[in-house]
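# What the coordinates show
Below, each chain spelled out in residue letters.
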Amino acid sequence: MGRIVQKFGGTSVADIAHIRNAAGLVQAERERGNQVAVVVSAMAGVTNQLVGYCSEAAALYDAREYDSVVASGEQVTAGLMAMALQEAGVPARSWLGPQIPIRTNDVHGKARIVGIDSVELERRMDTGEVPVVAGFQGVSPTGRITTLGRGGSDTSAVALAAALKAERCDIYTDVDGVYTCDPRIVRGARKLHKITYEEMLEMASQGAKVLQTRSVEIAMNHRVRLQVLSSFDDGPGTLVVDEDEIVEQQVVSGIAYSRDEAKITLVKVPDKPGVAAAIFGPLSDAGVNVDMIVQNISEDGKSTDLTFTVSKAELKQAVRVLEGINGEIRFGQLRPDPNVVKISVIGVGMRSHAGVALRMFTALAENGINIQVISTSEIKISVLVDEKYTELAVRALHTAYGLDAT
Ligand code: ADP
Ligand code: ASP
Ligand code: MG
């Protein structure tokens, strides 16, 4: 008998009928002889509505109260799921993050899990009870409720699976697996039967929201077997596995895009030691994450242009910080641009193949798409282009790397 964690996303618990359907999947897993722990998200649309209430209530809200509001969606579904299981004859009880407890740090709105006390859950699972855990939430060192960032129920599920030493963590969602690209924008996207942890980590961090990035990180570090599958159709999903489990490796496994980027160009920045630190230090102190960075060599030896990206949500804050330090740094101009998208091609096969980047640049050029910024890692190439080309660029690259379904 093994232990399985089953996580149901928003669309899988969108209403009572869906919750009953999910309860059926829990029951089926138990009938296969496994102990099951369940993690639930809020019903589809609920978290967005709660976030909207916060923005309406206060322009600059208290992040601790934000967490208290947005964590409530998962409380509702945990209780409803426990009821549905009980109705189906399965002993179950709901658990909130602080009741277990799922301990986190105190970074409200995007807290990180630091530990899960699973002893009581395990004791009850040994008696046949199914714990239904409210995803997305935990408790800070000072006893305040925290949330794990959007999409954070995936992370709750994987962290719980690691704590329970579960055989597998199944992430039930509205697609039947991880695809070569978001199937909502590339109709010819193919389902991957397996993907490596590393590739999944890049896909998630470059914008494929099917799994929260942190959840993949935890799965990789704790070697949790992770499966993404549909709660609507039968059949196996995508397994996230070690590289040596993949027999036939493609050079490029997938393409991801993120509309969450914004570009900032500082024109005529003095070209002298210490300037980059003087710019990126205050941004980091203000909690602004910088992603891609390019700086040209200076033509006259005196000044150069510096371009970098931040998330769209942090653009205003970044501009405020930069304007605040200009008295000291004295750059020529500050040009913010939120109309950009980052597109990334990902594949572990890139390590051993040449010409992967060239194929990307050629495909974009053939479609008249100008590249604004490029960045690479061992298994990824990302470009920043005008947001209006998102679909065109993604589809062109999907075809160029031979990923279209035949
Ligand atoms: P849930 O509410 O179940 O957590 P999400 O909306 O967070 O579901 O994630 C599932 C969505 O992720 C899909 O509907 C799909 O549009 C999107 N997605 C983005 N990239 C991919 C990809 N490469 N493969 C599968 N789905 C993807
Ligand atoms: N309900 C939260 C969100 O919408 C967490 C999750 O669904 O994973 O972000
Ligand atoms: Mg999700």
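Preceding this paragraph is the structure being described.
The following paragraphs examine the structure supplied in this document.

### Considerations on the sheet that holds strand β12 (residues 238-241)
Ordered in space as β3-β6-β2-β1-β9-β11-β12-β10, the eight strands form an open sheet in which the pairing is mixed. The outermost strands of the open sheet, each flanked by one partner alone, are β3 (92-95) and β10 (194-196). Taken over all neighbouring pairs, the strand axes of this sheet differ in orientation by 20 degrees on average, direction set aside. Where helix α4 (residues 72-87) meets the sheet, its contacts fall on β1 (3-8), β2 (35-40), β3 and β6 (130-134), and the angle it forms with β6 comes to roughly 160 degrees.

### Some words on the site of ligand 2
Around ligand 2 sit S41, A42, T47, E74, F136, R150, G151, G152 and S153, and that is every residue in its neighbourhood. Take S41: an N or O atom from its side chain is 3.1 Å from an oxygen atom of ligand 2. Computed on the free molecule, ligand 2 has an accessible area of 260 Å², of which 87% lies beneath the protein chains in the complex. Each residue belonging to the shell around ligand 2 can be placed in one class, and the counts come to two nonpolar, five polar and two charged.

### What about unusual backbone geometry?
With the exception of glycine, the majority of residues adopt a negative phi angle, and the majority of peptide bonds are in the trans configuration. With an omega dihedral of -10 degrees, the bond running from I100 to P101 counts as a cis peptide bond. Phi is positive for F136, which is not a glycine, with a value near 75 degrees. Within the chain, R330 stands out as a residue other than glycine whose phi angle is a positive 65 degrees. Along the polypeptide, R330 turns up in the loop between α10 (315-329) and β17 (333-337). Residue classification places R330 among the exposed positions, given a relative accessible area of 62%.

### Let's talk about the pattern of salt bridges
Summed over all chains, the structure comprises 27 salt bridges. A salt bridge links R3 to E122, with the nearest nitrogen and oxygen atoms 3.0 Å apart. Here E122 lies in helix α5 (residues 119-126) and R3 lies in strand β1, a separation of 119 residues in the sequence. Relative accessible area serves as the criterion here: at 17%, R3 is assigned to the buried category. Judged by its relative accessible area of 22%, E122 falls in the partly exposed class.

### What to know about the sheet that holds strand β19 (residues 373-377)
A sheet is described by the order of its strands in space; here four strands give the open sequence β13-β18-β20-β19, paired in antiparallel fashion. Edge positions in the open sheet fall to β13 (254-258) and β19, since each of these has one partner strand only. For this sheet, the mean angle separating the axes of adjacent strands, direction not counted, is 20 degrees. Relative to strand β18 (residues 340-346), β13 runs antiparallel, the two sharing five bridges.

### Some remarks on the nonpolar core
V5, C169 and M200 are the most contacted members of the largest nonpolar core, which totals 42 residues. Put simply, the parts of the chain that give this core at least two residues each are β2, β5 (113-116), α5, α6 (153-163), β9 (168-173), α7 (197-205), α8 (213-222) and β11 (226-230). It is α6 that provides the largest number of residues to this core, a total of six residues. In this structure V5 touches A37, V39, A157, L160, A161, L164, A166, R168, C169 and D170, once residues within four positions along its chain are discounted. Judged by nonpolar contacts, the second largest core, of 25 residues, contains V186, M350, L364 and I381.

### Considerations on α10
Between its terminal C-alpha atoms α10 stretches 19 Å, which fits the 21 Å expected from 15 residues at 1.5 Å a residue. E323 marks where α10 bends most, by close to 25 degrees. Those residues of α10 not exposed but buried are L315, A318, V319, V321, L322, I325 and I329. Those residues of α10 that are buried lie in contact with β14 (261-270), α9 (275-285), β16 (303-311) and β17. A positive phi of about 65 degrees marks R330, the residue just after α10.

Rules of the game
Residues numbered from 1 in each chain as written. Chains lettered and ligands numbered in written order. Predicted model: local features only at pLDDT ≥ 70, side-chain atom pairs only at ≥ 80, totals over all residues. Heavy atoms only, no water. Pairing = 2+ DSSP bridges. Helix = DSSP H or I, 4+ residues; strand = E, 2+ residues; numbered from the N terminus. Axes fitted to C-alpha atoms, helices over the stretch in contact; angles between N-to-C directions. Contact = heavy atoms within 4.5 Å. Near = heavy atom within 4 Å. Polar contact = N/O pair within 3.5 Å; in protein donor to acceptor, adjacent residues only side chain to side chain. Areas by Shrake-Rupley, 256 points an atom, 1.4 Å probe, with all protein chains shown as cover. Nonpolar A, V, L, I, M, F, W, Y, C, P; charged D, E, K, R; others polar. Buried < 20%, exposed > 50% of the residue type's maximum accessible area, 1.4 Å probe, protein only. Salt bridge = Lys/Arg side-chain N within 4 Å of Asp/Glu carboxyl O. Core = buried A, V, L, I, M, F, W, Y, C linked by side-chain atoms within 4.5 Å. Expected span 1.5 Å × (residues − 1). Bend = angle between axes of the 7 residues up to and from the residue.

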